[in-house]
Amino acid sequence: MAYVDWHMQGMQISNCNCNLGCPCQFNALPTHGNCRAFVFIQIDKGHFGDVPLDGLCWGGFYEWPGPIHLGNGTAMPIIDERANAEQRAALEALAHGKETEPGSLITQVFSTTLSTALPTQFKPIDLKIDQKAGTAQVKIKDLIDAFAEPIKNPITGQVHRATVSLPTGFEYTEAEFLSGTSKTSGPIKLEFNGTHAHIAKVNWSTHGLVR
């Protein structure tokens, strides 16, 4: 099957309801038996066919009643309102896992576990990711207010920075694990306080991660 040739590079922030470290990252069951999460991506450079994607942001909210692989999930894509009609169509397709080789990338894998797709939201996305400091912030009016910071030692309060490598992963090759706090409004309720988060470089394409 022929797919649209696409590629994007940038940074991502993800935050979920699991304890720090998230057992799902290591093929174990989620902390609370279910999964609730968000992910947002800043595209520094990208294209979908001949449609440029440079400088745009996108992401989504997700929830599953049990472990992700058991399915019956719900997702709501959120796309930068600055995107024009062609860019919106491109990012919406990618958010739904389309034009991507099966099993090669998180969005495509997630798409096989969803039973409900809520209408895509087109909003101004205030996304800031500082890889050097290990911090991130996402603000979307009437939808989400979230931030992530390095994990801290519970006894001394000192910063504890942790980087994890997944050389065969389908989301990232290397990520820094953080502590995330967030609250959302709307149909998918996410309320996290010091739960697992991570930031990672995005180098995604039609064929999955570019390593």
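This text goes with the structure placed above it.
Keep in mind that this is a model prediction, so the values were computed, not measured. (Residues numbered from 1 in each chain as written. Predicted model: local features only at pLDDT ≥ 70, side-chain atom pairs only at ≥ 80, totals over all residues. Heavy atoms only, no water.)

Draft legend 1. A look at the overall build of the protein. If you tally the helices and strands in the protein, you get 2 helices and 15 strands. Here the protein has a C-alpha radius of gyration of 16 Å; the compact-globule value for 211 residues is 17 Å, and the two agree. Along the first, second and third principal axes, the C-alpha atoms of the protein reach 55 × 35 × 35 Å. A total of 211 residues make up the protein; the buried ones form 50% of that total. (Helix = DSSP H or I, 4+ residues; strand = E, 2+ residues; numbered from the N terminus. Rg over C-alpha atoms; globule rule 2.2 N^0.38 Å. Buried < 20%, exposed > 50% of the residue type's maximum accessible area, 1.4 Å probe, protein only.)

Draft legend 2. Inspection of the packing of aromatic side chains at higher detail. Using the criterion set out here, one finds 7 aromatic pairs in the structure. Measuring from centroid to centroid gives 6.4 Å for Phe26 and Phe177, while their planes differ by 65°, and the two rings are edge-to-face. Of the two residues, Phe26 is situated in the loop between strand E1 (6–16) and strand E2 (35–48) and Phe177 in strand E13 (residues 174–184); the sequence distance between them amounts to 151 residues. The class for Phe177 is buried, based on a relative accessible area of 4%. Ring centres of Tyr62 and Phe110 lie 5.2 Å apart, and the angle between their planes is 65°; on these two criteria the pair is classed as edge-to-face. Taken together, the positions of Tyr62 in strand E4 (residues 57–64) and Phe110 in helix H2 (residues 106–111) put the pair 48 residues apart, joining distant regions of the chain. A single burial state applies to Tyr62 and to Phe110, both of which are buried. The structure contains a cluster of three or more aromatic residues connected by ring pairs, namely Phe38, Phe40 and Phe61. A cation over a ring is seen here: Arg88 above Phe122, with NZ or CZ 4.4 Å from the ring centre. (Phe/Tyr/Trp six-rings, centres within 6.5 Å; stacked < 30°, edge-to-face > 60°. Lys NZ or Arg CZ within 6 Å of the ring centre and 35° of its normal.)

Draft legend 3. Molecular detail of helix H1 (residues 85–95). For H1, the complete set of buried residues consists of Gln87, Ala90, Leu91, Ala93, Leu94 and Ala95. Two residues or fewer after H1 comes Gly97, characterised by a positive phi angle close to 80°.

Draft legend 4. View of unusual backbone geometry. Positive phi, normally seen in glycine, also occurs at Cys22, with a value near 55°. The residue Cys22 is located in the loop between E1 and E2 in this model. A residue is classified by how much of its surface remains accessible, and Cys22, at 3% relative accessible area, is buried. The backbone of Asp142 sits at a positive phi, close to 65°, despite the residue not being glycine. With respect to the element layout, Asp142 can be found in the loop between strand E9 (135–140) and strand E10 (144–152).

Draft legend 5. The state of the cysteines, seen in detail. Throughout the structure, instances matching the rule amount to 0 disulfides. Looking at Cys24, it has no disulfide partner, and the nearest cysteine sulfur is the one in Cys22, 3.8 Å off. Note on Cys24: relative accessible area 26%, which makes it partly exposed. (Disulfide = S-S within 2.5 Å.)

Draft legend 6. View of the nonpolar core. Within the largest apolar cluster, 31 residues are counted, with the highest numbers of intra-cluster contacts made by Met8, Ile41, Leu53, Trp58, Leu91 and Trp204. Taken together, the elements giving at least two residues each to this core come down to E1, E2, E4, strand E5 (73–80), H1, H2 and strand E14 (191–205). For this core, the element with the most residues is E2, which contributes 6 residues. Excluding residues within four positions of it along the chain, Met8 makes contact with Ile41, Ile43, Lys45, Gly46, Leu53, Trp58, Leu91, Leu94, Val202, Asn203 and Trp204. If you look at the next biggest cluster of nonpolar residues, it comprises 23 residues, including Phe61, Leu127, Ile144 and Leu178. (Core = buried A, V, L, I, M, F, W, Y, C linked by side-chain atoms within 4.5 Å. Contact = heavy atoms within 4.5 Å.)

Draft legend 7. Focus on the environment of Tyr62. Judged by its relative accessible area of 6%, Tyr62 falls in the buried class. Residues Tyr62 and Gln131, spaced 69 residues apart in sequence, show a C-alpha to C-alpha distance of 24 Å. Residues within four places of Tyr62 in sequence aside, it is in contact with Cys35, Arg36, Ala37, Val39, Thr74, Ala75, Ala95, Phe110, Ile188 and Leu190.

Draft legend 8. Examining the pairing of E14 more closely. With 9 bridges connecting them, E1 and E14 associate as antiparallel partners. Residue pairing in the sheet places Ser14 in a bridge with His198 of E14. For E13 and E14, the ladder comprises 9 bridges, and the chain directions are antiparallel. Across the sheet, Lys183 pairs through a bridge with Glu191, a residue of E14. Hairpin remark: E13 followed by E14, antiparallel, with 6 residues in the connecting loop; positive phi at Gly186, about 105°. Summarising the sheet, E14 and strand E15 (residues 208–209) pair through 2 bridges and their orientation is antiparallel. Residue pairing for E15: Trp204 is matched across the bridge by Leu209. (Pairing = 2+ DSSP bridges.)

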